[in-house]
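# Understanding the architecture of this molecule
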Amino acid sequence: MKSFIVKLQQTKISRLQLCPLPKPLIPIEAGRILVFAPHQDDETLGCGGTLALLRQKKCAIKVIFVTDGAGAGSLDADAPAVRRKEADAALRVLGINDIEFLDEPDGGFRSSAAFEKKVRQLLQQFKPDWLLAPSVLDYHRDHVTVGQTVLSCWQQCGAPGHAFIYEIWSPLPATHIVDIGSVIELKKQAISCYALPLSHCDYLSASIGLASYRGLYLPRKQGGNYAEAFTEIEKKASFGGLLQKMLNLRLYLESLLQH
C-alpha cells in the first residue's frame, strides 16, 4: 500500500481532476420535465425529492414507466396491476398525475426499433427542458439498457434541454446534487406507497440513507441534510464516453497496484 501511495504522488494525481465536488442543481421554474423509469418505484427512489421540488416550482412533469413490473416472472400474476396502482399513489404524493406505462418485459428489457421510435416521439412531443433517465452505470440490466437507449434517442433528436441520469442501485460519479431536505417527508411517503417492493426489500431505509449520505455535500444545517445526486450528460459526447472514463481510471489504478 505504501508503494501504491508513492506512485500516486509521483503521477501528480491531482492533475487528473478526480475529485470535483458536485454542483448544486436548482429546480427550474415552470419547466417541462420528462422522466423515464425502468420499473415502478425507480423514479421515487432515484429522484422523488427532486420531482416534488419541481412540482412546487410549477413544472409540468411526465413519468414514463418502461416495464410492466412483473418482476421477471418472480411475482404473482397480478403484480403489474398492483404496481400500477402503487405508482399512481406514489406520484400523487409528489404532485404528479401525468403517467404512461409502456409495458415492456421486466427483467428482460431489450431495446427495439419500436421502443426507440416511441422515445423519440415522446421527446419531440413533450419537448423537455430536463430529461431524467436511469443511470447507465447501474447494477441492473434494465436500468442500463433503458438509460442508454433514452440518451441515444435524446442525442438523435438534437439533445433538447438538459439530460441527467439518476442513481438507483449504484452511486454515481455525481456532477450535481439537489437539496431535498424540505421535501424528505414527501419522498418517504411516496416510497411507502410501494408496498409490494417493500415487502421484498427495505428500499425506504436504503434510499433515505443514500439521500443522507449525499447530504454531506451540502452546507451543514440544523435538522440534517438530504440530497439526490445526478450526472449531467453532455449534449455532444456519447454516453459511452462516461463509461470509458470510468474504465480508464479503474485500469490505471489497477496498473499502479501491479507494479
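Use the structure listed above.
Residues numbered from 1 in each chain as written. Predicted model: local features only at pLDDT ≥ 70, side-chain atom pairs only at ≥ 80, totals over all residues. Heavy atoms only, no water.

### Section: empty space enclosed by the protein
In plain terms, the rule: Cavities and pockets were defined on a 1 Å grid built over protein atoms only: a cavity is a set of grid points that admits a 1.4 Å probe from which the probe cannot escape, a pocket is an open set flanked by protein on both sides within 12 Å along at least five of seven lines, and lining residues are those with an atom within 4 Å of any such point. Grid points are joined across faces, edges and corners, and a volume is the space filled by probe spheres set on the points. Each residue is assigned to one class: nonpolar for Ala, Val, Leu, Ile, Met, Phe, Trp, Tyr, Cys and Pro, charged for Asp, Glu, Lys and Arg, and polar for all the others, Gly among them. In this text, helices come from DSSP runs of H or I with a minimum length of four residues, and strands from runs of E with a minimum of two, each type numbered from the N-terminal end.
What the rule picks out here adds up to two cavities of 30 Å³ or more. Approximately 60 Å³ is the volume attributed to the largest cavity. Taken together, Leu45, Gly46, Glu167, Lys187, Ser207, Leu210, Ala211, Ala227, Glu228 and Ala229 make up the full set of residues lining the largest cavity. Residue composition of the lining of the largest cavity, grouped by class: five nonpolar, two polar and three charged. Empty space within the second largest cavity amounts to approximately 30 Å³. Asp41, Thr44, Leu45, Ile191, Tyr194, Pro197, Leu198 and Tyr203 are the residues that line the second largest cavity. When contributions to the lining of the second largest cavity are tallied by element, the ones reaching two or more residues are α2 (42-56) and α7 (195-198). Here the lining of the second largest cavity is built from residues that sort into six nonpolar, one polar and one charged.

### As for α2
The test is simple: Here, expected helix span is obtained from the residue count minus one, scaled by 1.5 Å. Here the bend at a residue is taken as the angle between two axes, fitted respectively to the seven residues that end there and the seven that start there. Burial classification: accessible surface area is computed with a 1.4 Å probe over protein chains only, and a residue below 20% of its type maximum counts as buried, one above 50% as exposed, and the rest as partly exposed.
Relative to the 21 Å expected for 15 residues at 1.5 Å per residue, α2 spans 21 Å between its end C-alpha atoms, a close match to the ideal helical length. In the structure, α2 departs most strongly from a straight axis at Gly48, where the bend amounts to approximately 75°. With respect to burial, α2 is a largely interior element, 13 of its 15 residues being buried. Lys58 occupies a position one or two residues after α2 and carries a positive phi of about 65°.

### Details of the packing of aromatic side chains
Filter applied, for reference: By convention, a stacked pair of Phe, Tyr or Trp rings (six-membered ring in the case of Trp) has centres within 6.5 Å and planes under 30 degrees apart, an edge-to-face pair has planes over 60 apart, and any other such pair is tilted. A ring is scored as having a charge over it whenever the NZ atom of a lysine or the CZ atom of an arginine sits within 6 Å of its centre and within 35 degrees of its normal.
As enumerated under the stated definition, the model contains five aromatic pairs in all. The interplanar angle of 65° and the centroid separation of 5.3 Å between the aromatic rings of Trp130 and Phe164 together place this pair among those described as edge-to-face. Of this pair, Trp130 sits in strand β5 (residues 130-134) while Phe164 sits in strand β6 (residues 162-166), and the two are 34 residues apart along the sequence. By the burial criterion, Trp130 is buried, and Phe164 matches it. When the ring centre of Phe126 is taken as reference, the NZ or CZ atom of Arg32 above it lies at 4.2 Å.

### Quick look at the layout of surface pockets
In this structure, the second largest pocket spans a volume of roughly 550 Å³. Lining of the second largest pocket is provided by 27 residues; of these, Asp41, Asp42, Leu45, Trp169 and Tyr203 occupy positions nearest its centre. Mapped onto the lining of the second largest pocket, the elements with two or more residues apiece are α2, α7 and α8 (203-214). No other element matches the four residues that α8 contributes to the lining of the second largest pocket. Residue composition of the lining of the second largest pocket, by class: 12 nonpolar, nine polar and six charged.

### Considering the state of the cysteines
Cut-off, in case you're wondering: For this text, the term disulfide refers to a pair of cysteine sulfurs within 2.5 Å.
The tally for this structure, following the rule as stated, stands at zero disulfides. Lacking any disulfide linkage, Cys153 is separated from the closest cysteine sulfur, that of Cys157, by 6.5 Å.

### Regarding the pattern of salt bridges
Here is the rule we go by: When a carboxyl oxygen of Asp or Glu is within 4 Å of a side-chain nitrogen of Lys or Arg, the pair counts as a salt bridge.
The final tally for this structure, using the stated rule, is 11 salt bridges. Of the charged contacts, one joins Asp103 and Arg84 as a salt bridge, the two residues approaching to 2.7 Å between their closest N and O atoms. Here the residue Asp103 occupies a position in strand β4 (residues 98-104), and Arg84 occupies one in helix α3 (residues 79-93), the gap between them amounting to 19 residues. The class of Asp103 is partly exposed, set by a relative accessible area of 40%. A salt bridge links Glu100 to Lys118; its shortest N-O distance comes to 2.8 Å. Taken together, the residues Glu100 in strand β4 and Lys118 in helix α4 (residues 113-126) connect sequence positions 18 residues apart. Judged by relative accessible area, Lys118 falls into the partly exposed class, the value being 26%. The structure contains a network of salt bridges with shared partners spanning Lys62, Asp98, Glu100 and Lys118.

Purely geometric stuff here, so don't read any function into it on its own.
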